[in-house]
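Now for the letters of each chain:
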Amino acid sequence: MMGELRELYQEVIFDHNRNPRNFRVMADANRRVEGFNPLCGDRLTLYLKVEDGTIKDASFQGQGCAISTASVSLMTELIKGQTEQEAEELFEVLHKIITSQDEAVNLEELGKLAVLAGVREYPARVKCATLAWHTLVAALKNDRDTVTTE
Amino acid sequence: MTSATQQAPMLSMYDTSYDVKRIRADFPILQETVRGKPLVYLDNAATAQKPNAVIDCISHFYRHDYANVHRGIHTLSERATAAYEGARAKVQRFINAASEKEIVFVRGTTEAINLVVRTYGQAVLKAGDEILITAMEHHSNIVPWQMLCRETGAVLKVAPINRKGELLLGDFEKLLSNRTALVAVAHMSNALGTINPVDEIIHLAHARAIPILLDGAQAIPHMPVDVQALDCDFYAFSGHKLYGPSGIGVLYAKSEHLEAMPPYQGGGDMIRRVTFEETEYNTVPFKFEAGTPNIADAVALGATVDYLNEIGMKAIAAHEHQLLQYATERAHEIAGLTLIGTAEHKGAILSFVLDRVHPHDIGTVLDHFGIAIRAGHHCAMPVMDFFGVPATARASFAMYNTFEEIDRLMEGIEQVIEVFG
Ligand SMILES: Cc1ncc(COP(=O)(O)O)c(C=O)c1O
């Protein structure tokens, strides 16, 4: 597979797509929000256990493309143990990664999420990468409705 | 991957006398390269590309003949009016309507259906009445009816389909009753490719004096359509899927309906005489064309029809039928590929899913090889729900596609599987 495509579909993405982390229903979740991408019809359900402003546990269910599955899988790994504010800041980092055309953005500083950087060459796929995160923001606001990427 | 030697004998079974090379030369965009590869355009069900005849017509019209229609006595206005009304006559002949008056220019299929909903539908529908559609409709033949039902207390009924994506005609018939005010059915499904048995459907509806609307958005580019032979009451289609301009489409309706229907929008051109107390409406079809219409694109739709007549819709249908047959055979050879929509009677649409690869990823990888397909729900979410998939990948073929392009599609799909396997 050639260059640019390899940038998008990095090994880490394939790995998370094949073996999504935290892919389960959480019986004792205290936040449960559905995310919906009307563009492609993808749906995911995000489960969180939030105690004293800290995300103790995160999991998800649903079906999506490799980019959205990898994004949500990575996200559940990264936010576990974080405060709500830290998690929201992480979304800003992701946003910077996938919308920035600035070569100067230092991917290494962006940590594990840098594997999603290839998405910026594919504007049609940005919503695949952000669905999980829009859902997270809604869950942290304790918004019970279905959220969409629109 | 299938080798070239295996493909050759298969291909030789097909009649290749249709001069697809000559046709391709008429479509300048087909010379484009995408990501360094020659474009393979297989998203024709979303919209078709345009031949020089259409592109040049628009340019010529704006350069030489453009003015407003139906209102000037100067030469250009007369020329523009003649071209605009000339296009109406060409469309009339193309679908064999009984009269030019039965051709209403609109923006596209969506507006044509909404026009019927807001005029005919609003006038006749009462609480408890039923509108009957099918389970394979495009959102544009669901949502406007749903909105009207909500307002009037009428009920939207949906005739079911089987796992092949075929309408269950027996169930359809059982859903017809003396409460059914109108039947609205896709002539051909955009998500599945199914061509509905419209002759039987119309016969069943008319036997109970129920009028019928056909959504012809997908059918019109793929087969000859004769609205008098069909005897449908309404037929809606878009210019842009027929190799014509976007922003122009057609509502065909029988004169008797158009005469009885209240106007759609109010404004200029749709009136005969206006005072502040009342307005006398114009004759049909002008009663339904308020304001300055999309003049140039209507004229170019006329040029589109001329172009298609030269090649012949029967020849186009025969070529596409072979493409679909070849693509279906090739698709069957690919392990892990499932076709969604396997009706006996099908138009040139290949909707499919792959094990473990989401349609969006298929779309992105194929794009990398210069192949344009559609990945998504195709504005038919209820169809996706029925087949239990969030989306499908859809390759849709047109008059200018080739067997070689289908080979490239299949090679592309093999690559997708290799990458994600
Ligand atoms: C079956 C069918 N009906 C209606 C439409 C809507 O057509 P338009 O968007 O041109 O109004 C489409 C287009 O996708 C279609 O495929």
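### Details of the overall build of chain B
For step 1, the next point in the chain: From N to C terminus, chain B includes 15 helices and 17 strands.
For step 2, the next point in the chain: On C-alpha atoms alone, chain B measures out to a radius of gyration of 22 Å, which is about the 22 Å that the 2.2 N^0.38 rule sets for 421 residues.
For step 3, the next point in the chain: Counting over 421 residues, chain B shows a buried share of 58%.
For step 4, the next point in the chain: The contacts of chain B with a sequence gap of at least 6 include a subset with a gap of at least 24, amounting to 72%.
For step 5, the next point in the chain: Accessible area for chain B stands at about 16,700 Å²; split by element, carbon and sulfur atoms hold 52% of it.
For step 6, the next point in the chain: Taking the average location of the 35 positive side-chain charges in chain B and that of its 49 negative ones, the two points are 3 Å from each other.

### A few points about the site of the ligand
All names here are of chain B.
For step 1, the next point in the chain: Around the ligand lies a shell formed by T109, T110, H138, S140, N190, D215, A217, Q218, S238, H240 and K241.
For step 2, the next point in the chain: In this structure, a nitrogen atom belonging to the ligand sits 2.5 Å away from a side-chain N or O atom of D215.
For step 3, the next point in the chain: Within the contact set of the ligand, an oxygen atom lies 2.7 Å away from a side-chain nitrogen or oxygen of Q218.
For step 4, the next point in the chain: Bound to the protein, the ligand loses 84% of the 400 Å² it would expose on its own.
For step 5, the next point in the chain: Considering only residue class, the shell around the ligand consists of 1 nonpolar, 8 polar and 2 charged.

### Quick look at the pattern of salt bridges
For step 1, the next point in the chain: Enumeration over the complete set of coordinates arrives at 27 salt bridges over all chains.
For step 2, the next point in the chain: Between E111 of chain B and R107 of chain B there is a salt bridge; the shortest N-O distance is 3.9 Å.
For step 3, the next point in the chain: The class for R107 of chain B is exposed, based on a relative accessible area of 58%.
For step 4, the next point in the chain: Each of D15, R21, E77 and K112 of chain A takes part in salt bridges that share partners, so that together they form one network.

### Examining the layout of surface pockets
A probe as big as a water molecule, rolled over the atoms, marks out the empty space that is left.
For step 1, the next point in the chain: Taken as a whole, the largest pocket holds about 490 Å³ of empty space.
For step 2, the next point in the chain: Q63 and G64 of chain A together with R356, V357 and H358 of chain B are the residues nearest the centre of the largest pocket, which is lined by 27 residues in total.
For step 3, the next point in the chain: Among the secondary structure elements, those contributing two or more residues to the lining of the largest pocket are helix 2 (11-18), strand 3 (54-63) and helix 3 (66-79) of chain A together with strand 14 (349-354) and helix 13 (359-368) of chain B.
For step 4, the next point in the chain: Along the lines of polarity and charge, the residues of the lining of the largest pocket split into 14 nonpolar, 9 polar and 4 charged.

### Some points on helix 5 (residues 109-124) of chain B
All names here are of chain B.
For step 1, the next point in the chain: An ideal rise of 1.5 Å per residue puts 22 Å on 16 residues; helix 5 measures up with 21 Å between its terminal C-alpha atoms.
For step 2, the next point in the chain: At V117, helix 5 shows its largest bend, some 30°.
For step 3, the next point in the chain: Burial in helix 5 covers these residues: T109, E111, A112, I113, L115, V116, V117, T119, Y120 and G121.

### Focus: the sheet that holds strand 8 (residues 212-215) of chain B
Residue and element names in this part refer to chain B.
For step 1, the next point in the chain: Strand order in the open sheet made by the 7 strands is 4-10-9-8-7-5-6, with mixed pairing throughout. Edge positions in the sheet fall to strand 4 (103-106) and strand 6 (155-159), since each of these pairs with one other strand and no more. Between one strand and the next, the sheet's axes are offset by a mean angle of 20°, whatever the strand orientation.
For step 2, the next point in the chain: Alignment of strand 9 (residues 234-238) against strand 10 (residues 249-253), held across 5 bridges, turns out to be antiparallel. Paired with Y235 across the bridge in strand 10 is Y252.

### Quick notes on the interface of chain A and chain B
For step 1, the next point in the chain: Contacts between the two partners involve 23 residues from chain A and, on the opposite side, 16 residues from chain B.
For step 2, the next point in the chain: Counting each side, the surface lost to burial between chain A and chain B is near 1,600 Å², with a carbon and sulfur contribution of 60%.
For step 3, the next point in the chain: Linking chain A with chain B are 1 salt bridge, by the criterion used here.
For step 4, the next point in the chain: A salt bridge links R125 of chain A to D361 of chain B; its shortest N-O distance comes to 2.8 Å.
For step 5, the next point in the chain: Where chain A touches chain B, the interface holds 7 residue pairs in polar contact (both at pLDDT 80 or more).
For step 6, the next point in the chain: Put simply, the parts of the chain that give the side of chain A that touches chain B at least two residues each are helix 1 (3-8), helix 2 and helix 3 of chain A.
For step 7, the next point in the chain: Of the residues contributing to the side of chain A that touches chain B, the split by class is 15 nonpolar, 4 polar and 4 charged.

About the cut-offs
- Residues numbered from 1 in each chain as written.
- Chains lettered and ligands numbered in written order.
- Predicted model: local features only at pLDDT ≥ 70, side-chain atom pairs only at ≥ 80, totals over all residues.
- Heavy atoms only, no water.
- Helix = DSSP H or I, 4+ residues; strand = E, 2+ residues; numbered from the N terminus.
- Rg over C-alpha atoms; globule rule 2.2 N^0.38 Å.
- Buried < 20%, exposed > 50% of the residue type's maximum accessible area, 1.4 Å probe, protein only.
- Contact = heavy atoms within 4.5 Å.
- Areas by Shrake-Rupley, 256 points an atom, 1.4 Å probe, with all protein chains shown as cover.
- Lys, Arg positive; Asp, Glu negative; His and termini not counted.
- Charge placed at Lys NZ, Arg CZ, Asp CG, Glu CD.
- Near = heavy atom within 4 Å.
- Polar contact = N/O pair within 3.5 Å; in protein donor to acceptor, adjacent residues only side chain to side chain.
- Nonpolar A, V, L, I, M, F, W, Y, C, P; charged D, E, K, R; others polar.
- Salt bridge = Lys/Arg side-chain N within 4 Å of Asp/Glu carboxyl O.
- 1 Å grid on protein atoms, 1.4 Å probe; cavity = no way out; pocket = protein on both sides within 12 Å on 5 of 7 lines; lining within 4 Å.
- Points joined across faces, edges and corners; volume = space filled by probe spheres on them.
- Expected span 1.5 Å × (residues − 1).
- Bend = angle between axes of the 7 residues up to and from the residue.
- Pairing = 2+ DSSP bridges.
- Axes fitted to C-alpha atoms, helices over the stretch in contact; angles between N-to-C directions.
- Buried area = accessible area lost by both parts, 1.4 Å probe.

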